[in-house]
Amino acid sequence: MNSKKTVTITAKDILGNSNYQAISYGGYRTKTRDVVPTIFQIKEDLRILSAMDIKVLRTYNVHHEEVANLLEAIRALKKEDANFEMYVMLGAWIDCKNAWTEYKPIHNEESERNAVEIKEAVRLTNEYPEIIKVIAVGNEAMVKWAASYYVTPNIILKWVNHLQNLKKEEKLPKELWITSSDNFASWGGGDAEYHVEDLNQLIKAVDYISMHTYPMHDTHYHPVFWGTKSNEDHLTEREKIDAAMIRSRDYAISQYRSVAIYMKSLGVNKPVHIGESGWATMCNDLYGNSGSRATDEYKSALFYKLMREWTNKEGISLFYFEAFDEQWKDSGNEMGSENHFGLITLQSQAKYALWDLVDKGVFKGLTRDGKPITKTYNGNLDALWLDVKTPATLIKN
């Protein structure tokens, strides 16, 4: 099967272009992915994201109907409005043998499902070449803390090479870019245990590196940048928080640079973009008020602003995680951080990061599940600040 005709806009045009802002998208409303968002619901979401000047979406797998519905919804909106633009970085989920079962995971062998996932990703890409510009093989599929499903790099390399060969055989669009989206350490930016020859070959095989950085998680696991410094006691509470968030951004920058340095040490010079980074607004354990005091709407909004400013200035694509809150990720714990990474809540409320867009009328006439986009806290900043806590951890100068 030959791919359809090559279209004008390519991944090379989009990635690193500040006119094409990117975000991670999942449209699930309920506590289970068995309830797939309808095309009507997804079109509502797309109109909201387009109003925010988002033009590139990242998805994670093709084994649910959501992605097919998303692609159909984008095509429908493009037919309705010739100026509507939305492109997709299509994720193909990869995991190891025995992943998510009662049996012990075998990390250097792969799930039989992987081949099915890749085949469907290829089919969708050929059906929607004007929309799908990137295929990402796996999501955090090599990082070893993903203990229930991670695979060794040779498995990702196998599928990346497979897709690159399909491009050469004209069975995929030649301008399509292939990558894998993974934690910065998995790309060589961290511990030496990841510095294996299969990773080096993978770096040479992909069209660009898609790396993840999550300072929020390290406010608990590795808080070298987090907390109030001893020489900051004279600052206001807000200034202390602002200083901690600037250090959080700088921590993300250091992880980004560590990946680029490792890549260049191999004699490779390819684009490095950020496939994921985000900051949750709520948590009842590690990152909340009983933990590192990291999660609230003020800190999340500041991280979003700082990261967008830096990446836009440097010509880096940032697939910010994520557009909308979803509650299937930690369905047993309503206040779990995984449920609260979105910029917009399940109640169709824009979090503090987007309040200015509400004020500007960007969402006027738009709805989500029939509800207009309003502000969290009814737009009361004093009420929001009641939930903002100064980091308690002291760090040395």
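Up top you'll find the structure we're talking about.
Residues numbered from 1 in each chain as written. Predicted model: local features only at pLDDT ≥ 70, side-chain atom pairs only at ≥ 80, totals over all residues. Heavy atoms only, no water.

Asks: Tell me about the layout of surface pockets, and name the residues and values.
Replies: When its volume is computed, the largest pocket comes out at roughly 1,300 Å³. Lining the largest pocket are 39 residues, and of these Asn139, Glu140, Trp145, Tyr149 and Glu338 lie nearest its centre. Where the lining of the largest pocket is concerned, the elements lending two or more residues are α3 (65-80) and α7 (215-221). For the lining of the largest pocket, the leading source of residues is α7, giving three residues. Tallied by class, residues from the lining of the largest pocket come to 18 nonpolar, eight polar and 13 charged. Put simply, the second largest pocket is a space of about 510 Å³. Every residue lining the second largest pocket is counted, 22 residues in all, and those nearest its centre are Thr281, Met282, Glu334, Met335 and His340. (1 Å grid on protein atoms, 1.4 Å probe; cavity = no way out; pocket = protein on both sides within 12 Å on 5 of 7 lines; lining within 4 Å. Points joined across faces, edges and corners; volume = space filled by probe spheres on them. Helix = DSSP H or I, 4+ residues; strand = E, 2+ residues; numbered from the N terminus. Nonpolar A, V, L, I, M, F, W, Y, C, P; charged D, E, K, R; others polar.)

Asks: Before we move on, can you summarise the packing of aromatic side chains with the specific residues and values?
Replies: Counted according to the given criterion, the structure contains 18 aromatic pairs. Taking 5.2 Å as the distance between ring centres and 20° as the angle between the ring planes, the aromatic pair formed by Trp100 and Tyr149 counts as stacked. Taken together, the positions of Trp100 in the loop between β4 (96-97) and β5 (106-110) and Tyr149 in the loop between β6 (132-139) and α5 (153-168) put the pair 49 residues apart, joining distant regions of the chain. Between Trp279 and Phe303, the aromatic rings sit 5.0 Å apart at their centres with planes inclined by 45°, giving tilted as the arrangement. Taken together, the positions of Trp279 in the loop between β10 (272-277) and α9 (297-314) and Phe303 in helix α9 put the pair 24 residues apart, joining distant regions of the chain. (Phe/Tyr/Trp six-rings, centres within 6.5 Å; stacked < 30°, edge-to-face > 60°.)

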